[in-house]
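# What the coordinates show
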Amino acid sequence: MRNIYADNSATTAISPQVLEKMMPCLTEFYGNPSSLYRIGGKAKEIVENARENIAKNLGAAFANEIFFTSGGSESDNWALKGVCHALKAKGKNHIITSKFEHHAILHTCQSLEKEGFEVTYLDVYENGIVRVEDVENAIRDNTAIVSIMYANNEIGTIQPIAEIGAVCKKHKVLFHTDAVQAAGYVKINVVEQNIDLLSMTAHKIHGPKGCGLLYVRRGVKIDNLIDGGAQERNRRAGTENVAGIVGLDAALQLAVDTMDRRNAKLTKMRDRLIDGLLKIERSRLNGDREKRLPGNVNMCFEGIEGESLLLRLDLCGISASSGSACTSGSLDPSHVLLAIGLPHEIAHGSMRLSFSDENTEEDIDYILEKVPEIVSYLRAMSPLWEAIKKREAEENN
Amino acid sequence: MAYSEKVMDHFANPRNVGEIENADGIGEVGNSKCGDIMKMYIKVENDVITEVKFKTFGCGAAIATSSMATEMIKGKSINDALKLTNKAVMEALDGLPPVKVHCSVLAEQAIKAAISDYYTRKGIDPEPFVGKIPDCDECGCH
């Protein structure tokens, strides 16, 4: 049996080159960067070199605009809570975001709502893309921050970040973007794109889990999320995850260096897979076909339920994910699929396949062989499919 | 969330999948909005369920509980089949994750709905035997 890992939006395998760079930080340069002796100083130097290189790769003006965190969720929490708490005294108590953000943003917004902040959740329409004019129309005098993800984690749609950045700059409102899924697949330049704050993480781009960053443009007022020691210029306490930081830097560098080649390869694979899967009757692609991450395929197949599909794919050696309620531990299907207007019964039958450079055209061949078989099998035992076909026959008569 | 080996076995190789032509009773429970629909067909001779088949739209647990429940009532008298509880189905599957307990409830209800239909077809009021089968709207999912 083949084994195909097609859930790279969940996490990725660490790249051997990245791991190689991390290892000495765990074995040789294990000192605490805050310590004065040489082994501590070496660790400090390693962290600062990584910071400088990452700043360059994100187009940041200054290295000290990069703050290392434990990952995307912490960065998202910090960006929103930190900015909102800092601007509250100025009467800024309004947040603009979208309906299909990651829960690290949505649940943080809900938490801020409980504190009295008001949140506008923008529509993402059927194509899964926020409209720039909607952002502009939602901005008020008391808006503290706009937070729109760079690319969606489920359907991979890429948002008009530079345009939203320009609108925010025009109205002098801070702009945060969760670039956890996009980093390494799109060209990011925080200065040119008018991004004030940006979250990213290492483990989605073949780096280690447990290390991410928040870019905070110089001059942005932000309260601390984690208090304690003086690390990260007093802004984020906790002994630096030196190996993780080196891994983050190495992973981003590798992603930037190979972006054009990888994107061309993945786009070709993705489009062939989409074309093949759309041949299945009553299937649909979720999210804009063009403005999406090169490795993302998200489809719905009517009449079947996503978890069953996933488990059967797993039995064939294919690791995928679903926005079905059953996989989320809740009873509602994915908020992303509902946000793009899918009815519950269709959203239950979704499948996300996400690819990385490690996937091959042979993987696509195998998936194109297995998915139609599994869909047919599950439909044959589905009373919902039976009802759909019956309705179809009646409509044709 | 992890399924037991038994659940995975009944999911991967579900028993009694299909329909029965000229079934003596058909029961359908659940709805597409919740993501689970179970439809059960029974053939009854001398008060014994001689044949049972199912079709299910739903998650792994929904398919596995349908499969196990049909196995447990095959060859049983109507009375014995009515005694089948969701707990017994769960136990037979070596347990279900807490969020999947409702799937076993649905399997129990699907059997009751099929038996109910069997009584109705015979012109007998099913309620004294089967009791009331709650609507999906009452399950508290939404």
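Residues numbered from 1 in each chain as written. Chains lettered and ligands numbered in written order. Predicted model: local features only at pLDDT ≥ 70, side-chain atom pairs only at ≥ 80, totals over all residues. Heavy atoms only, no water.

Residues and elements named next belong to chain A. At a minimum axis separation of 10 Å, helix α8 (residues 242-277) and helix α13 (residues 361-380) run at an interaxial angle of 15°. Looking at the two axes, α8 sits roughly parallel to α13. Where α8 crosses over α13, the handedness of that crossing is right-handed. Contacts from K268, M269, R272, L273, G276 and L277 of α8 reach α13 at E361, I364, D365, I367, L368 and V371. (Axes fitted to C-alpha atoms, helices over the stretch in contact; angles between N-to-C directions. Helix = DSSP H or I, 4+ residues; strand = E, 2+ residues; numbered from the N terminus. Parallel < 35°, antiparallel > 145°, perpendicular 65-115°, else oblique. Left-handed = near helix turned anticlockwise from the far one by under 90°. Contact = heavy atoms within 4.5 Å.)

A few words now on the interface of chain B and chain A. Contact with chain B, which involves 29 residues of that partner, is made by 23 residues of chain A. Between chain B and chain A, roughly 2100 Å² of surface is buried when both sides are summed, and carbon and sulfur atoms account for 65% of that area. Area buried by chain B at its contact with chain A is led by B:F11, B:K55 and B:F57, which between them contribute 27% of it. On the surface where chain B and chain A come into contact, there are three salt bridges. Between A:E386 and B:K55 there is a salt bridge whose closest N-O contact spans 2.8 Å. Inspection of the region where chain B meets chain A yields twelve residue pairs in polar contact (both at pLDDT 80 or more). (Buried area = accessible area lost by both parts, 1.4 Å probe. Salt bridge = Lys/Arg side-chain N within 4 Å of Asp/Glu carboxyl O. Polar contact = N/O pair within 3.5 Å; in protein donor to acceptor, adjacent residues only side chain to side chain.)

Core analysis: the biggest nonpolar cluster contains 136 residues, and A:L198, A:L213, A:L353 and B:I115 have the highest contact counts within it. Of the residues forming this core, the biggest block, 13 residues, is contributed by α8(A). Not counting the four nearest positions on each side in its chain, A:L198 is found in contact with A:L58, A:H176, A:T177, A:A179, A:I188, A:V190, A:L213, A:L214 and A:Y215. Judged by nonpolar contacts, the second largest core, of 21 residues, contains A:F67, A:L80, A:I105 and A:L174. (Core = buried A, V, L, I, M, F, W, Y, C linked by side-chain atoms within 4.5 Å. Buried < 20%, exposed > 50% of the residue type's maximum accessible area, 1.4 Å probe, protein only.)

Let's shift gears to the pattern of salt bridges. A side chain of one charge can pair with a side chain of the opposite charge when the charged atoms of the two come close. One pass over the structure, following the stated rule, counts 35 salt bridges over all chains. Among the salt bridges present, the one from A:R272 reaches A:E361, with a minimum N-O distance of 2.8 Å. On the criterion of sequence distance, the pair formed by A:R272 in helix α8 and A:E361 in helix α13 is long-range, its members being 89 residues apart. Looking at A:R272, the relative accessible area reads 32%, which means it is partly exposed. Between B:R15 and B:D9 there is a salt bridge, with its nearest N and O atoms 2.8 Å apart. The exposure class of B:R15 is partly exposed, given its relative accessible area of 25%. One connected set of salt bridges, linked through shared partners, spans A:E281, A:R282, A:E302, A:K389 and A:E392.

All names here are of chain A. Under the 1.5 Å per step criterion, the end-to-end length of helix α2 (residues 38-58) is 30 Å for 21 residues, consistent within 8% with the ideal 30 Å. All of the buried residues in α2 are G40, A43, I46, V47, A50, R51, N53, I54, A55, N57 and L58. Looking at the buried positions of α2, the neighbouring elements they touch are α1 (16-27), β2 (66-69), β7 (197-201), β8 (212-216), α7 (231-234) and α8. Just downstream of α2 lies G59, where phi reads positive at about 75°. (Expected span 1.5 Å × (residues − 1).)

Attention shifts here to the pairing of β7(A). All names here are of chain A. For β7, the tally of buried residues reaches five of five residues, placing the bulk of the element in the interior. Alternating residues of β7 divide into L197, S199 and T201 and L198 and M200, and every residue in both groups is buried. Inspection of the sheet shows strand β6 (residues 174-178) paired to β7 by three bridges, in the parallel sense. Across the sheet, H176 pairs through a bridge with L197, a residue of β7. (Pairing = 2+ DSSP bridges.)

Residues and elements named next belong to chain A. Taken in spatial order, the three strands make up an open sheet running β9-β10-β12, and their pairing is antiparallel. Strands at the two margins of the open sheet, each flanked by one partner only, are β9 (283-285) and β12 (350-354). Strand-to-strand twist across the sheet, computed as the mean angle between neighbouring axes with direction ignored, equals 25°. Sheet topology places strand β10 (residues 296-301) next to β12; five bridges connect them, and they run antiparallel. In the strand pairing of β12, N298 is matched with R352.

Time to look at the side chain of A:R51. With respect to the helices, strands and loops of the structure, A:R51 is situated in helix α2. Non-local contacts of A:R51, meaning those with residues more than four positions away in its chain, are made with A:A63, A:N64, A:I66, A:F67, A:F68 and A:E232.

With that out of the way, let us pick up the packing of aromatic side chains. Tallied over the full model, the rule gives three aromatic pairs over all chains. Ring plane angle 50° and centroid distance 5.7 Å describe the contact between B:Y118 and B:Y119, whose orientation is recorded as tilted. On the basis of relative accessibility, which here comes to 7%, the residue B:Y118 falls in the buried class. For the ring pair B:Y119 and B:F129, a centre distance of 4.5 Å and an interplane angle of 20° mean the geometry is stacked. With B:Y119 in helix α5 (residues 101-121) and B:F129 in helix α6 (residues 127-130), this pair connects stretches of sequence that are ten residues apart. When its relative accessible area of 8% is taken as the criterion, B:Y119 is described as buried. For B:F129, a relative accessible area of 45% corresponds to the partly exposed category. Over the ring of A:F62 we find A:R218; its NZ or CZ atom is 3.5 Å from the centre of that ring. When the ring centre of B:F11 is taken as reference, the NZ or CZ atom of A:R312 above it lies at 4.9 Å. (Phe/Tyr/Trp six-rings, centres within 6.5 Å; stacked < 30°, edge-to-face > 60°. Lys NZ or Arg CZ within 6 Å of the ring centre and 35° of its normal.)

Moving on to a nonpolar patch on the surface. A cluster of nonpolar residues, A:I14, A:L19, A:M23 and A:L26, forms a patch on the protein surface that exposes about 330 Å² of accessible area. Checked against the element boundaries, A:M23 lands in helix α1. (Patch = residues over 30% accessible without salt bridge, like charges linked within 9 Å, V, L, I, M, F, W, Y side chains within 5 Å. Areas by Shrake-Rupley, 256 points an atom, 1.4 Å probe, with all protein chains shown as cover.)

All right, on to unusual backbone geometry then. Not every positive phi belongs to a glycine, and A:R233 is a case in point at roughly 50°. Assignment of secondary structure puts A:R233 in helix α7. Taking relative accessible area as the criterion, A:R233 reaches 48% and is therefore assigned partly exposed. Despite not being glycine, B:D47 shows a phi value in the positive range, around 65°. Relative to the elements of secondary structure, B:D47 occurs in the loop between β2 (36-45) and β3 (48-57).

Through backbone hydrogen bonds, the strands of a sheet pair up, either in parallel or in antiparallel fashion. All names here are of chain A. Here seven strands make up an open sheet; going across it, the order is β2-β8-β7-β6-β5-β3-β4 and the pairing mixed. Two strands bound the open sheet, and with one partner strand each, they are β2 and β4 (118-122). Here the average twist between neighbouring strands, direction ignored, is 20°. By the bridge criterion, five bridges tie strand β3 (residues 94-98) to β4 in an arrangement that is parallel. Residue pairing across strands places H94 opposite E118, the latter belonging to β4. Set on the sheet, helix α4 (residues 103-114) makes contact with β3, β4, β5 (143-147) and β6; between it and β4 the angle comes to about 150°.

Distances and angles like these do not, on their own, reveal function.
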